[in-house]
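Commentary on secondary and tertiary structure
The primary structure of each chain is shown beneath.
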Amino acid sequence: MNTDTQPDTANQGSMASTDKPLMRITDLAVSFDNGKGPRIQAVDGVRLSVYPGQTLAVVGESGCGKSVTALSTLRLIPTPPGRYDRGTIDFRLGDGRVVDLLDIDDGAIRRIRGNDIAMIFQEPMTSLNPVFSVGDQIIEAIELHQNVRRAEARSIAVTAMADVGIPEPASRLRAYPHQFSGGMRQRVMIAMALACKPRLLLADEPSTALDVTIQAQILELLAGLKAAHDMAIMLITHDLGVVAQNADIVCVMYAGRVVEYARVDHLFAHPMHPYTRGLLECIPRLGDRGDRLVTINETIDRPGEFEQLPGARDGVRPWWPWHDPPPDLVRRDEPAGDYALVEIRTGHWVGLWRTAALADAAQGLPDLAWTRPESTAHSQGAQT
Amino acid sequence: MVGMVFLALMLLVCLGSLPWTTSRTLVPVLDQDGQQVLDTRGQPAFSRGPFKFNQGDPEATARLSPGWWPWKDREEKLRLNRAVDAQTVQQIADEHEASTADVLGAIEGPMHHDLKRHWPRFLLGTDTLGRSLAVRCLTGGGISLTIGLAAALLSVFIGTVYGSLAAYAGGKVDAVMMRIVDILFGLPYILLVVLLAVASDAVLDEHISREKTRYRWVQSTAASLISSPQRSATRDDVRAFLSLQFEPSARFQELALDALTAEWERDKGQREETPRRPVGADADTWLSDFETNREMLAAAASLTYPPRKISEGRRTTYDVLVLLLAIGGVSWLTMARVIRGQVLSLKAQPFMEAARAMGAPVHRQLLRHLLPNLVGPIVVYATLSVPQAILQESFLSFLGIGVKPPLPSWGNLAAEGLAELNPYKSHWWMLLFPCVLLATTLLALNFVGEGLREAFDPKRARR
Ligand SMILES: Nc1ncnc2c1ncn2[C@@H]1O[C@H](COP(=O)(O)OP(=O)(O)OP(=O)(O)O)[C@@H](O)[C@H]1O
Ligand SMILES: [Mg+2]
């Protein structure tokens, strides 16, 4: 419909190296204390999974809970004011054991942080400690998790710096963060994150603060490193071009819930949720005429948009917090009980109102082991 | 840089000379005929005299201006001549082929010049009691700098720990901790220092004299005697009680009982008539004899709890320590606030989150990621609070609560000097030199603080 990709080319991509998910989040709910008012429910009932070697893009508007989801997987939400209300985050360790990241003790989560799961933060300018040289910081990351001597750690750091494309890494080790440009700092952050060869990288808008050229370089770098280390990436971004170019699976979030989860080609070809359609429609396209772009609001304000899902006639309606619930809503007696994430087509999950038609439907668990074929990895997304 | 060098010099000189200036002078032991007594090895014997900084002759050498000061009146020149020791006078007299009287009377010419050179208190003059101001300034500097540095360190330590704990704990703990600081801020801090100094002084006094302990012992023993079944009513009973009490102590047997019995024997005559009161007499009987019984108990008490013996030097050290703790314990408030603010803002910095995401344990986050970022403000406030502590010490000494004379500090030296400033004849050197030393030291500290701040700032360190 909107992209060049053909729908339902389901088996064209390669299967991931393992058929077991690396991480699986179920029913994650995190809320924040809001002084006197009611608690802010930052995310509620988030369900998603990531497979090894996969890039999962998480998109959604600002404040919809993307960062909270990512931080929760490292248990980095400050508590208080934050609180993990419910949910599990099952993570498969290197030795095959599956642990619930929200349940293990502090020492265990600390060993996982930076070692199995690493994170790149939204702000490259301030994520490095200003009083230490970048070399010290990379070496620290290495020494925290690997039992190596300093000289060894140093050489690992040099390699990591070279990997992320910093020229003269050995001499640059002694430089301080303020002597680096934003792009270089982001590279240092990536070098730090990758120094311990994590199996999952949480990249929270790794390129938002950078200009387009550097942005492309960073993303290419990530893609290359991903292939080299066989790690999964959870890529948080606002940029649908970036999504189209890099992601295998897309998870669209809105107001703290997952509203759509599908393969990138399926999602771009057949966006199911009106919000996703709105997002895609406001991308300018080459060859389009017209004075202005379509806004998201214009899309979601059309009532017809909400009645296009398969089964619409039976009352299947996409979940949308600003609409009154449909009259035949069957609210379950649980948090987020008015909402269900349902596999509406094979490999395509959409967040729906729990109407009568779906009263007994189990909460779906988005689970796609697909990765894009190598050949198309860098050919898509010319649309932006 | 200049400040650093000056300060280092000052520290070196003042602190380095402390062992010498606080040592004792040795005075030769003289027998009744004024002859030197020889010790067992045939050497002249010496006994320990006053401290070096306290050595001086109030009459002969009081208020002498610095030796190089040209405008001295006749009287001062004569006194100056007499301040030179007899041996040197004799030497000079021999050299100039004059009598010692001539030498002492000379107030002009080469003889006087020679005398001036031999005068030991030449450099900065002497104070009201004829003590060398130079030595006193050195000792005072040592004391002032020690108190300043140590109190500043203490306050920085308390402030940093308190502030960062409050900020790191956050929430209610933080609120309560900071309200405490606010309340302390509201109190006049000098009052707090005075209170602390006076209170700890009292505690120290008690620790040494143990008066209260003795008093309590007497009270409780008296109470138990009154209420005991035998109702000890007479001296005999008290004595019996005491001998029971102190049976294991041979020392008491020998000393106390003998002493008491002797006393008892002495005024036996008067007592003989007094009929022995029956056992079981009421408390009134005891009370009627209370005073004398008490005396016996007090004598026993002073044997049980003798006052601790403590040398003058040790006592002085305690005093200084108390003062230092009081100043340091009061001036950490600003530091705590500053550090709390810094930690709060640093805690929210992404690099702290990054450190956590890296899997750094809490102590490592605090010590390796947070503390280095605090070094700047800590150093700046430390260098600011050193002069502040020195000033506070001076102020307290000026009020007579701080360093107590004869121990000098720049503060009480200046106070003494100020008292000597009068329109008739101003002894300016007594005020000027301590003040100049104090002022330059404070200035140097500021330079050093500035320098350190630049050195710790990575952005400016590598220009
Ligand atoms: N520390 C916190 N205290 C209170 N509320 C918080 C905190 N962190 C996040 N929130 C709330 O959680 C919600 C989700 O925030 P989150 O940071 O996940 O947004 P986001 O999707 O990452 O947005 P962006 O794209 O702008 O980064 C927001 O409404 C925010 O107000
Ligand atoms: Mg975010």
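Because the structure is predicted, anything quoted here is derived from the model rather than measured. (Residues numbered from 1 in each chain as written. Chains lettered and ligands numbered in written order. Predicted model: local features only at pLDDT ≥ 70, side-chain atom pairs only at ≥ 80, totals over all residues. Heavy atoms only, no water.)

Let's talk about the pairing of strand β4 (residues 55-60) of chain A
Regular strands place side chains that alternate from one sheet face to the opposite one. Residue and element names in this part refer to chain A. Note the threshold: Exposure classes here rest on a 1.4 Å probe applied to the protein chains alone. A residue is buried below 20% of its type maximum, exposed above 50%, and partly exposed in between. A run of H or I in DSSP becomes a helix once it reaches four residues, and a run of E becomes a strand once it reaches two; helices and strands are each numbered from the N terminus. If DSSP finds at least two bridges between two strands, the strands pair.
Of all six residues making up β4, six are buried, and the element is well covered by its neighbours. Neither face of β4 is open: one carries Thr55, Ala57 and Val59, the other Leu56, Val58 and Gly60, and all of them are buried. Where β4 lies against strand β9 (residues 232-236), four bridges are found, and the strand directions are parallel. Bridge pairing in β9 places Ala57 opposite Leu235. In this structure, β4 lies alongside strand β10 (residues 249-254), joined through five bridges in parallel fashion. If you follow Val58 over to β10, its bridge partner there is Cys251.

Re the confidence of the model for chain B
Reading predicted coordinates in detail is not appropriate for stretches of low pLDDT. Residue and element names in this part refer to chain B. Basically, it comes down to this: A residue's pLDDT is the confidence the predictor assigns to it, expressed on a 0 to 100 scale. By the convention used here, residues are in contact when the closest approach between their heavy atoms is within 4.5 Å.
Per-residue pLDDT for chain B averages 73, and the proportion of residues at 70 or more is 67%. This model gives residues 273-288 a pLDDT under 50, and the stretch forms 23 contacts once residues within four places in sequence are excluded. Complex prediction metrics read pTM 0.68 and ipTM 0.73.

Structural notes on the sheet that holds strand β2 (residues 23-32) of chain A
For sheets, the rule is that strands pair by backbone hydrogen bonds, running either parallel or antiparallel. Residue and element names in this part refer to chain A. Our working rule: Angles run from 0 to 180 degrees between N-to-C directions of axes, and those axes are lines fitted to C-alpha atoms, restricted for helices to the stretch in contact.
In space, the four strands of this open sheet follow the order β3-β2-β5-β6, with antiparallel pairing throughout. This sheet does not close on itself; its edge strands, each paired only once, are β3 (40-50) and β6 (98-100). Pairs of neighbouring strands in the sheet enclose a mean axial angle of 5°, with direction left out of account. Where helix α1 (residues 66-73) meets the sheet, it contacts β2, β3 and β5 (82-92), and its direction lies at approximately 115° from that of β2.

What to know about the site of ligand 1
All names here are of chain A. Put simply, the rule is: We call a residue near a molecule or strand when any one of its heavy atoms sits within 4 Å of it. The definition of a polar contact used here is a pair of N or O atoms within 3.5 Å, where within protein one atom must be able to donate a hydrogen and the other to accept one, and adjacent residues in sequence count solely through side-chain atom pairs. Residues are grouped as follows: Ala, Val, Leu, Ile, Met, Phe, Trp, Tyr, Cys and Pro are nonpolar; Asp, Glu, Lys and Arg are charged; all remaining types, including Gly, are polar.
Near ligand 1 there are 14 residues, and of these Ser62, Gly63, Lys66, Ser67 and His238 occur at the shortest range. One nitrogen or oxygen atom from the main chain of Gly65 is found 3.1 Å from an oxygen atom belonging to ligand 1. Here an oxygen atom of ligand 1 and a side-chain polar atom of His238 are 2.8 Å apart. Broken down by class, the residue content of the shell around ligand 1 amounts to five nonpolar, six polar and three charged.

What about helix α3 (residues 134-145) of chain A?
Cut-off, in case you're wondering: A helix's residues, less one, multiplied by 1.5 Å, set its expected span.
The end-to-end C-alpha distance of α3(A), which contains 12 residues, comes to 18 Å, matching closely the 16 Å that a straight helix rising 1.5 Å per residue would cover. Across the 12 residues of α3(A), nine count as buried, placing the element largely inside the fold. Those residues of α3(A) that sit buried are Val134(A), Gly135(A), Gln137(A), Ile138(A), Ile139(A), Glu140(A), Ala141(A), Ile142(A) and His145(A). On its buried side, α3(A) packs onto α2 (106-112), α4 (150-163), α5 (169-172) and α6 (182-194) of chain A together with α18 (362-399) of chain B.

Overview of the environment of Asp106(A)
Residues and elements named next belong to chain A. Structurally, Asp106 is set in helix α2. Exposure remark for Asp106: the relative accessible area of 53% places this residue in the exposed category. Along the backbone, Asp106 and Arg75 are 31 residues apart, and their C-alpha atoms lie at a distance of 9.3 Å.

Points about the confidence of the model for chain A
Residue and element names in this part refer to chain A. Across chain A, the average pLDDT comes to 80, with 90% of residues at 70 or higher. With pLDDT under 50 throughout, residues 1-17 is counted as low confidence; its partners more than four residues away or in other chains account for 40 contacts. For residues 375-384, every residue scores under 50 in pLDDT, and the model assigns this stretch 16 contacts once sequence neighbours within four places are set aside.

Looking at the packing of aromatic side chains
The following threshold applies: Each aromatic pair joins two rings of Phe, Tyr and Trp (for Trp, the six-membered one) with centres within 6.5 Å, and gets the label stacked for planes under 30 degrees apart, edge-to-face for over 60, and tilted for any other angle. Charge-over-ring placement is defined geometrically: NZ (Lys) or CZ (Arg) within 6 Å of the ring centre, and within 35 degrees of the ring normal.
Evaluation of the coordinates by the stated rule reveals seven aromatic pairs over all chains. Pairwise contacts between aromatic rings join Tyr254(A), Tyr275(A) and Trp320(A) into one cluster. Over the face of the ring belonging to Phe132(A) we find Arg368(B), whose NZ or CZ atom lies 4.6 Å from the ring centre.

Examining the interface of chain A and chain B
Threshold: Each of two parts loses accessible area, computed with a 1.4 Å probe, when they are put together; buried area is these two losses added. When a carboxyl oxygen of Asp or Glu is within 4 Å of a side-chain nitrogen of Lys or Arg, the pair counts as a salt bridge.
Between chain A and chain B, the residue contacts involve 28 residues of the former and 19 residues of the latter. For the pairing of chain A and chain B, the buried interface totals around 2,200 Å² over both sides, and the portion due to carbon and sulfur atoms is 61%. For the pair chain A and chain B, the number of links is two salt bridges. Between Arg364(B) and Glu140(A) there is a salt bridge; the shortest N-O distance is 2.6 Å. Across the chain A-chain B interface, the total number found is eight residue pairs in polar contact (both at pLDDT 80 or more). The greatest single-element share of the side of chain A that touches chain B, amounting to five residues, is contributed by α3(A). Of the residues belonging to the side of chain A that touches chain B, the class tally is 15 nonpolar, seven polar and six charged.

Side note on the side chain of Ser394(B)
Residue and element names in this part refer to chain B. On the secondary structure map, Ser394 appears in helix α18. According to the relative accessible area criterion, Ser394 is buried, its value standing at 8%. If sequence neighbours within four positions are ignored, Ser394 has contacts with Gly411 and Leu438.

Some remarks on the pairing of strand β12 (residues 339-345) of chain A
Residue and element names in this part refer to chain A. Taken across its seven residues, β12 has five buried, putting it largely inside the fold. Sheet topology note: the β12/strand β13 (residues 348-353) ladder contains six bridges and is antiparallel. Paired with Leu341 across the strands is Gly351, a residue of β13. Between β12 and β13, which pair antiparallel and follow one another directly, the connecting turn spans two residues, one of which, Gly347, has a positive phi of 70°.

Topic: the pattern of salt bridges
Residues and elements named next belong to chain A. Counting across every chain of the model gives 19 salt bridges over all chains. Across the salt bridge formed by Asp44 and Arg86, the nearest N and O atoms sit 3.2 Å from each other. Taken together, the positions of Asp44 in strand β3 and Arg86 in strand β5 put the pair 42 residues apart, joining distant regions of the chain. Classification of Asp44 by relative accessible area gives buried; the value is 9%. Given a relative accessible area of 24%, Arg86 falls into the partly exposed group. Between Asp248 and Lys226 there is a salt bridge whose closest N-O contact spans 3.5 Å. Of this pair, Asp248 sits in the loop between α8 (240-246) and β10 while Lys226 sits in helix α7 (residues 212-229), and the two are 22 residues apart along the sequence. Each member of the pair, Asp248 as well as Lys226, carries the same accessibility label: buried.

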